[in-house]
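Structural features, examined
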Amino acid sequence: MPGASRAYARRLHRKLLLFTLGLLAFLLLMHWAERAGLSRGWIGPIFLFLSVMMYAAVGISGRTTDPEEFYVAGRRVPAMYNGMATAADWMSAASFISLAGALYLQGFSGTPAQPGGLAYVLGWTGGFCLVGLLMAPRLRAMRLYTVPDFFAVRFGRGAQLLAALGAVACSFMYVVAQIYGIGLIASRLTGVQFEIGILLGLGGVLLCSFLGGMRAITWTQVVQYVVLLVAFLIPVSWLAYKQLGTPLALLAYGQQLPKIEQLERKLIDSPAEQEVRAHFGERARDYAERLRDPAAALARERSALEDRIRALRAEGADFAFVMMARRELSALPKDETSARELWTRAMNEAQERAKPLGGLPRHGQAFAGDPDGTPAERAEFNTSRLNFLALMFCLMIGTASLPHLLTRFYTTPSVADTRRSVAWSLLFIAMLYLATPALAALVKYEVMQHLVGSSFDALPNWIAQWARVDPGLISVQDVNGDRILQFGEIRLGADMIMLATPELGGLPYVVSGLVAAGGLAAALSTADGLLLTISNALVHDTAPMRGGRVWVSDNRVILSKFALLAVAMVAAATAALKTGEIISLVTASFSLAAATFFPALTLGLFWRGATRRGAVAGMLVGIAVTVGYMLQASAGLRAWWGLAPGGLWWGIHPVSAGFFGVPAGFAVIAAVSAWEHWRRRRTVA
Amino acid sequence: MTAPAATKKEVPGAAWLRAALLLLWAAASFGAAFFARDLSQVVAGWPLNYWWLAQGGVLLFIGVVMVYAWWMGRAAPAADDEDR
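In this text the structure is predicted, and so the values were computed from the model without any measurement. (Residues numbered from 1 in each chain as written. Chains lettered and ligands numbered in written order. Predicted model: local features only at pLDDT ≥ 70, side-chain atom pairs only at ≥ 80, totals over all residues.)

**Re the interface of chain B and chain A**
Let me state the cut-off plainly: What counts as a contact is two residues whose backbone-derived C-beta atoms lie within 7 Å of each other. Strands are runs of DSSP state E lasting at least two residues, helices are runs of H or I lasting at least four, and both sets are numbered from the N terminus onward. In this classification, Asp, Glu, Lys and Arg are treated as charged, Ala, Val, Leu, Ile, Met, Phe, Trp, Tyr, Cys and Pro as nonpolar, and every other residue, Gly included, as polar.
Each partner contributes residues to the interface: chain B has 40 residues there, and chain A has 47 residues. Every element with two or more residues in the side of chain B that touches chain A is listed here: α1 (14-34), β2 (46-47) and α2 (48-75) of chain B. With 17 residues, α2(B) is the largest single contributor of residues to the side of chain B that touches chain A. Within the side of chain B that touches chain A, the residues separate by chemical class into 26 nonpolar, 9 polar and 5 charged.

**Some details on the environment of Leu229(A)**
All names here are of chain A. Within the fold, Leu229 resides in helix α9 (residues 194-244). Sequence separation of Leu229 and Ala522 is 293 residues, and the distance between their C-alpha atoms is 9.5 Å. Excluding anything up to four places from it in sequence, Leu229 contacts Met431 and Leu432.

**Things to note about the packing of helix α16 (residues 375-399) of chain A against α1(B)**
When two helices pack together, their arrangement is given by the angle between the helix axes and by the axis-to-axis distance. Our working rule: For helices, the fitted axis covers only the stretch in contact; all axes are lines through C-alpha atoms, and the angles between them, taken along N-to-C directions, range from 0 to 180 degrees. Each angle gets one of four labels, with under 35 degrees taken as roughly parallel, over 145 as roughly antiparallel, 65 to 115 as roughly perpendicular, and the rest as oblique. The sense of a crossing depends on the near helix, which, turned anticlockwise from the far helix by less than a right angle, makes the crossing left-handed and, turned clockwise, makes it right-handed.
Where α16(A) meets α1(B), the closest approach of the two axes is 10 Å, and the angle between their N-to-C directions is 165°. The pairing of α16(A) with α1(B) is recorded here as roughly antiparallel in orientation. Between α16(A) and α1(B) lies a crossing whose hand is right-handed. Residues Arg385(A), Phe388(A), Leu389(A) and Met392(A) of α16(A) form the contact with α1(B), whose own contacting residues are Ser29(B), Phe30(B), Ala33(B) and Phe34(B).

**Considerations on the domain arrangement of chain A**
As a reminder, the rule being used: The source of the domain bounds is an automatic or database domain assignment.
When its domains are assigned, chain A resolves into domain 1 (1-39) and domain 2 (261-363). Once you take the C-alpha centre of each, domain 1 of chain A and domain 2 of chain A turn out to be 53 Å apart.

**Side note on the nonpolar core**
Formally: Nonpolar core, as used here: buried Ala, Val, Leu, Ile, Met, Phe, Trp, Tyr and Cys residues forming one set through C-beta atoms within 7 Å. With C-beta atoms placed from the backbone, a residue counts as buried when 20 or more other C-beta atoms lie within 10 Å of its own, as exposed when 12 or fewer do, and as partly exposed for counts between those limits.
Ranked by size, the top nonpolar core spans 234 residues in total, and within it Ile179(A), Leu228(A), Met392(A), Leu442(A), Leu531(A) and Val65(B) carry the most contacts. Here this core gets 24 residues from one element, more than from any other, and that element is α9(A). Setting aside residues no more than four positions away along its own chain, Val65(B) makes contact with Phe128(A), Cys129(A), Gly132(A), Val422(A), Ala423(A) and Leu426(A).

**Comments concerning the environment of Leu386(A)**
Residue and element names in this part refer to chain A. For Leu386, the position within the fold is in helix α16. By C-beta crowding, Leu386 is classed as partly exposed, having 19 other C-beta atoms within 10 Å. Apart from residues lying up to four places away in sequence, Leu386 is in contact with Trp650, Gly651 and Ile652.

Here it is in structure tokens:
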């Protein structure tokens, strides 16, 4: 029915065009309203509520109880639209909110403590080559409903359950990061508490995915893609126009790289910056001194503060000063263990900031260290490069194994459409990913050229506003007391840089609202896909096959919907604990997905010899190696066991644990399968 | 549906195309990143290594996926599409 499907596609094109025009008209209207005096307190909530309402309306119009629609959207989403939905599904809060910030902080390849930088750009796009060439077409040809279905069909029940468990684990970690992003944006945009922000966003997620499953998600994701693309490209183009005189940021930002290098050199040599660094060096030494005997240091601190309170009282000082000293006293660590933990962290941070550029690597320098330098520098270079490659490996392999992404390619009408759809997805994703390094470079230039050197008495408002949301996101402190802002005195969190970009660049507040709405779209779209994957894994993938076939039923759809509700609640509760930075949570879940699924998927699809036992053993070993490496290298657990920090193999960072897990999985599947074949041949002979 | 995909016949040459494209993919990502420090020459205003890792590589990935989709679509017109 090519005629009918062409008419369907034409109808979709018209809707998309109308929606995009409507969005742009709305932005112009808001811009006009801001000029006419609409208060900022209204703009944020308007963007938040209108966008969530819109997604909910699309979601509700796609409601369904039909299993084929609920699981795979009836398998009739045209390649291009599936590409858009995949792009939104794929680009999470980590891509939209954190990536630009991470590129700002990490430059080319990241710091020794946190590898990253351009590895994210290449890793998160390169994985699609594996998806398009190896995974998606063959999985689509099998006409399944979920990724664990493949394990059920190819390897049987044990592998199916294991895959369901893996899908729940990595998607849950991922969804927590998204909900944290939702809370961050909602609370900044409306000024409500972080926890209430989470609930607001959660309502939006549930309205989309609860009622209509995959069908509703697909069309909300298409809408969300348009919002997030517009929200990203407008500030980038605007900043580029301000700095370079052209809105084509992608072509022109190369000019800023040498300028940033010059500014960096100037900052490294500046006496005021060196003063700041010396101050942090002092602070680090002070903490090191305390850490030599934490119990005594703690007692000393406590008695010094008590003395001060007594002295203040004796001289009848202002009550506010006494309160301040009291607060300091109660903020002291409770016991020796917590003192040690707190001070170690503070010492590490001070040491970092005592380095040139406040510990940030030079923006354009590939890898730390020097391949032609001293042995120590050479070792640093090699570790830095290896970490870059390992991270890229985990991100690519993880892309090709994340269940919520692979199921998106089940929804196209044919295998050929699946292949085309992967190409569309990558194209849509690249539009944002190519712009992200540009944004990072433009923001860095803006900070170094304009923000640094401004007076403390006239700091822009947004700094204080962000510090109120979460003091961990931004701290600005006049360390050397000269009332002038130095680069070393600013500490930015990766998660706020993109959201603060419009304010930093002096763009109208409407753009801030738009960027926040874009971040919300990115987080919501990914959370939708992940929640659906988790609830399907819990309900659909724990049920056995019937007569060797995967099957779906109306009852399961209802069960899935309730599982979805429950999972969303648990994820929100976990996110409210503010467990970690978005980007490290996401990277860790990539590692886990890579080690769980990739070896068994590839060998299952391409090697007839892979056996059930081999697959189960390989998955178990892959998970064990990955999780084990992450746990044994995590600083908190090591301190708890009383071990010295470290325990890294070849200096590989724990989030890239999949670098070991994936090869281990391959080796075990191959070895166990080969052993089984050998045994079978011997018994036959 | 239940038959593992590995048992299905494939278009001749598809495996070779995949291998060649994957080789290109690996060279563009891991290969280029490995030698990134040595590629810091400035070409047309851009440091080459930064440009490749931030833009060139991604464009090449798009090319890889597009070539595969186009070639397979041409070589196997609906042969592997057992769909209604």
